[in-house]
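Listed below are the residues making up each chain.
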There are 2 protein chains.
Amino acid sequence: MGQALPQHDVYQAIADPSRRRLLRLLTQGEQPLSALSGQFDMSRTAVSKHLRVLREAGLVTERRAGRETRYAFRPEPLAELKDWLAYFEQFWDNKLAMLKHLAETPDEEA
Amino acid sequence: MGQALPQHDVYQAIADPSRRRLLRLLTQGEQPLSALSGQFDMSRTAVSKHLRVLREAGLVTERRAGRETRYAFRPEPLAELKDWLAYFEQFWDNKLAMLKHLAETPDEEA
DNA sequence: ATCATACGAAACCGAATGGTTTCATGTCAA
DNA sequence: TTGACATGAAACCATTCGGTTTCGTATGAT
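Given the structure is predicted, the values throughout are model-derived calculations rather than measurements.

Q: Would you mind going over the protein's contact with DNA strand C in detail, with residue names and values included?
A: In the vicinity of DNA strand C, 23 residues are found, and the nearest of them are Ser48 and Tyr71 of chain A together with Ser43, Lys49 and His50 of chain B. Expressed as a percentage, the sugar and phosphate content of the atoms of DNA strand C within 4 Å of the protein is 62%. Between DNA strand C and Tyr71 of chain A there is a distance of 2.6 Å, counted from a phosphate oxygen to a side-chain nitrogen or oxygen. At 3.4 Å from a phosphate oxygen of DNA strand C is found a side-chain nitrogen or oxygen belonging to Gln12 of chain B.

Written as structure tokens, this is what we have:
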């Protein structure tokens, strides 16, 4: 039967700086591997592997076009990250919530 | 010379589900290791190591209180994540930006 | 037909990761 | 003072990660 696809999630996908840079590059539009790997110091194969991780996380799609593979950015999975982050935002940019948090945290003595 | 510690960043810190859970737990307030590790299936030592990664990323602080070490959540480093994410938001939740993006992306034929 | 191009698969490698167990140390309690 | 408690350091282990090189195979150009 079908192999388990989502070997990587969005958190793992963005953990690597090269992959974050790939996402940035892809916001410029769909690009083939050769164009992308030209921007990196590493081998084409290494970039290809990074793109696979991003694809597994749903952050890019690939499509064959002739002899090249064109990669495109898919923003949707970042919504999970945004949601995750939203929970924590009350603890730093909402001053009232911050005060509330401090008030509810018992300040025990050493 | 002092050996350079791996010094994890916030992206690596949140890549692990156990560490994300630790952050959640710590939003309830400062807690000693024993209370935290009781919530996990793994050994106390393993949890301690996860907390060190979080501390290296600036996401928690530790402070000795008697014989326990109390860990507290620090939200500040998440701002970097938020900023990073903000760049990409235009590509999915702002419909005008999305249209603009599509318009600027040449739709080449295969 | 031939040949260069664009790419992925596979095998391999060293280092990092996530976990364990064992041990040493500081602290509170009797 | 003796002993239990809370913890971190260290050594160790298997797996994953990020990278390489080599090779196979479509595809497009001549």
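Now that the structure has been shown, we can carry on.
Q: Can you break down the sheet that holds strand β2 (residues 60-65) of chain A residue by residue, with the values?
A: Residue and element names in this part refer to chain A. The strand order across the open sheet built from 3 strands is β1-β3-β2, with neighbouring strands paired in antiparallel fashion. Looking along the sheet, the strands with just one partner apiece sit at the ends: β1 (31-32) and β2. Strand direction decides the pairing type here: β2 and strand β3 (residues 68-73), joined by 6 bridges, are antiparallel. Residue pairing across strands places Arg63 opposite Arg70, the latter belonging to β3. On the sheet, helix α4 (residues 44-56) packs against β2 and β3 and is oriented at approximately 120° with respect to β2.

Q: I'd like a rundown of helix α4 (residues 44-56) of chain B, residues and numbers included.
A: Residue and element names in this part refer to chain B. Helix length check: α4 (13 residues) gives 19 Å between terminal C-alpha atoms against 18 Å at 1.5 Å per residue, within 8%. Residues Val47, His50, Leu51, Val53, Leu54 and Glu56 constitute the buried set of α4. Taken together, the buried residues of α4 touch α1 (10-13), α2 (17-26), α3 (33-37), β2 (60-65) and β3 (68-73). In the stretch just after α4, Gly58 is the one whose phi turns positive, near 80°.

Q: Requested: an account of the protein's contact with DNA strand D, with residues and values cited.
A: In the region of DNA strand D, 24 residues are neighbours, and Ser43, Lys49 and His50 of chain A together with Ser34 and Tyr71 of chain B sit closest. Sugar and phosphate atoms represent 66% of those atoms of DNA strand D found within 4 Å of the protein. Residue Tyr71 of chain B places a side-chain N or O atom 2.7 Å away from a phosphate oxygen belonging to DNA strand D. Secondary structure elements with two or more residues in the surface near DNA strand D: α4 of chain A together with α3, α4 and β3 of chain B. Along the lines of polarity and charge, the residues of the surface near DNA strand D split into 5 nonpolar, 10 polar and 9 charged.

Q: So what's going on with the environment of Pro32 of chain A? Which residues, and what values?
A: Residues and elements named next belong to chain A. Tracing the chain through its elements places Pro32 in strand β1. You can call Pro32 buried: its relative accessible area is 15%. Each C-alpha atom of the pair Pro32 and Arg70 lies 4.0 Å from the other, and the pair is 38 residues apart in sequence. In contact with Pro32, other than residues within four places in its own chain, are Glu68, Thr69 and Arg70.

Q: Account for the packing of helix α2 (residues 17-26) of chain A against helix α5 (residues 78-89) of chain B, naming residues and giving values.
A: Remark: α2 of chain A packs on α5 of chain B, axes separated minimally by 11 Å, with the N-to-C direction vectors making an angle of 25°. If you check the angle between α2 of chain A and α5 of chain B, you find them roughly parallel. With respect to the hand of their crossing, α2 of chain A and α5 of chain B are arranged in left-handed fashion. Contacts between α2 of chain A and α5 of chain B pair Arg20, Leu23 and Arg24 of chain A from the former with Trp84, Tyr87 and Phe88 of chain B from the latter.

Q: Tell me about the side chain of Ser37 of chain B, and name the residues and values.
A: All names here are of chain B. Among the structural elements, Ser37 can be located in helix α3. Here Ser37 falls in the buried class, since its relative accessible area comes to 12%. Ser37 has contacts with Arg44 and Val47, leaving out every residue within four places of it along the chain.

What counts and what doesn't
- Residues numbered from 1 in each chain as written.
- Chains lettered and ligands numbered in written order.
- Predicted model: local features only at pLDDT ≥ 70, side-chain atom pairs only at ≥ 80, totals over all residues.
- Heavy atoms only, no water.
- Near = heavy atom within 4 Å.
- Polar contact = N/O pair within 3.5 Å; in protein donor to acceptor, adjacent residues only side chain to side chain.
- Pairing = 2+ DSSP bridges.
- Helix = DSSP H or I, 4+ residues; strand = E, 2+ residues; numbered from the N terminus.
- Contact = heavy atoms within 4.5 Å.
- Axes fitted to C-alpha atoms, helices over the stretch in contact; angles between N-to-C directions.
- Expected span 1.5 Å × (residues − 1).
- Buried < 20%, exposed > 50% of the residue type's maximum accessible area, 1.4 Å probe, protein only.
- Nonpolar A, V, L, I, M, F, W, Y, C, P; charged D, E, K, R; others polar.
- Parallel < 35°, antiparallel > 145°, perpendicular 65-115°, else oblique.
- Left-handed = near helix turned anticlockwise from the far one by under 90°.

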